[in-house]
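This is what each chain is made of:
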Amino acid sequence: MSGATVRKLRETVCRLHEELVRYGLVAWTAGNVSGRVPGEDLFVIKPSGVSYDDLTPESIVVCDLDGELVEGELAPSSDTAAHAYVYRAMPQVGGVVHTHSTYASAWAARGEAIPCVLTAMADEFGGEIPVGPFALIGGDDIGKGIVATLEGHRSPAVLMQNHGVFTIGADARAAVKAAVMCEDVARTVHVAVQLGEPLPIAQPDIDRLYDRYQNVYGQRSPR
Ligand SMILES: [Zn+2]
């Protein structure tokens, strides 16, 4: 593997953990970011149980797609098996994020998908944010649930029932963005539900919003 590529990815993934803290998506050490090493059957991920303030690029560990430690001095995140399963099953995925962010996890606790009632949701998620099955940590059950739910779905985020959020992206930064946006819309739709019945957006309008945001919006430079 290329040492320079891995070093840069470790720096990127280390820094992206600061975004989880900045946006209030994590308590204590309960959240993690990983990124696939381009062109290799490897990914880098947070070490287990290390506080976000103590994370350094050197402490980020390298694992193979079976979730086995390849390089690094610390044990990988306890969620590594789930990340590894997603990378094995979804070759287009370059980044995975897991959080227990409050509002999204509250929807997950009820096993309820977040309905697409905001244009920002149509933009980013292309519809509802779906619920994945209840699954216990350890083994491939969480990974299987994530993949089974997100395959064939536009949403890059899944609410794993009674657990929390997993997001995917073309790279680690895109997966972090999806985690931030997931919590943001989970909170807004939660507030809306307290006040009454949110109005649905017609499917053709969801399709148009999604298409425009994914293909036209922004500066046309690499995101
Ligand atoms: Zn978790």
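The structure we're discussing is the one just above.
Being a predicted model, the structure only gives us computed values, none of them experimental.

Visitor: Teacher, can you tell me more about the pattern of salt bridges here?
Guide: Opposite charge on two side chains permits pairing when their charged atoms draw close. Counting across every chain of the model gives eight salt bridges. Across the pair R22 and E19 runs a salt bridge, and its minimum N-O distance is 2.8 Å. One end of the pair, R22, and the other, E19, are both in helix α1 (residues 3-22), three residues apart, so they sit about a helical turn from each other. Close ionic contact of K177 with E124 constitutes a salt bridge, the shortest N to O distance being 3.2 Å. With K177 in helix α6 (residues 172-195) and E124 in helix α4 (residues 119-125), this residue pair connects regions lying 53 residues apart in the sequence. You can call K177 partly exposed: its relative accessible area is 30%. Overall, E124 belongs to the buried group, its relative accessible area being 9%.

Visitor: I would appreciate a short explanation of the coordination of the zinc ion in the present structure.
Guide: Where a metal carries four tetrahedral donors, each ideal angle is 109.5 degrees; where it carries six octahedral donors, the ideal angles are 90 or 180 degrees. Every protein donor of the zinc ion is accounted for by H98 (NE2), H100 (NE2) and H163 (NE2), and the metal-donor separations fall at 2.0 to 2.1 Å. If you list the donors of the zinc ion from N- to C-terminus, the spacing comes out as H-x1-H-x62-H. Within this pair, whereas H100 is found in the loop between β5 (95-99) and α3 (102-110), its partner H163 is found in the loop between β7 (157-160) and β8 (164-169), the two being separated by 63 residues in sequence. Look at H163 and you get partly exposed, because its relative accessible area is 21%.

Visitor: Honestly, unusual backbone geometry in this entry has me stumped. Any pointers?
Guide: When glycine is set aside, most residues are seen to have a negative phi, and most peptide bonds are trans. The phi dihedral of W28 is positive, around 55°, even though this residue is not glycine. With respect to the secondary-structure elements, W28 resides in the loop between α1 and β1 (31-36). In the Ramachandran plot, N162 falls in the positive-phi region, its phi being about 60° despite a non-glycine side chain. Topologically, N162 is positioned in the loop between β7 and β8.

Visitor: What am I meant to see in the packing of aromatic side chains here?
Guide: Aromatic rings in a pair are described by how distant their centres are and how their planes are angled relative to each other. What the rule picks out here adds up to one aromatic pair. Aromatic side chains F43 and Y87 sit 4.9 Å apart centroid to centroid with 35° between the ring planes, which places their arrangement in the tilted category. Of this pair, F43 sits in strand β2 (residues 42-45) while Y87 sits in helix α2 (residues 80-89), and the two are 44 residues apart along the sequence. A relative accessible area of 0% places F43 in the buried class. The class for Y87 is buried, based on a relative accessible area of 1%. The ring of Y52 carries K46 above its face, with NZ or CZ at 5.3 Å from the centroid. A cation sits over an aromatic face here: R110 above W107, 4.8 Å from the ring centre.

So, how was this worked out
Residues numbered from 1 in each chain as written. Predicted model: local features only at pLDDT ≥ 70, side-chain atom pairs only at ≥ 80, totals over all residues. Heavy atoms only, no water. Salt bridge = Lys/Arg side-chain N within 4 Å of Asp/Glu carboxyl O. Helix = DSSP H or I, 4+ residues; strand = E, 2+ residues; numbered from the N terminus. Buried < 20%, exposed > 50% of the residue type's maximum accessible area, 1.4 Å probe, protein only. Donors = N, O, S within 2.8 Å, 3.2 Å for Na, K, Ca; no water. Phe/Tyr/Trp six-rings, centres within 6.5 Å; stacked < 30°, edge-to-face > 60°. Lys NZ or Arg CZ within 6 Å of the ring centre and 35° of its normal.

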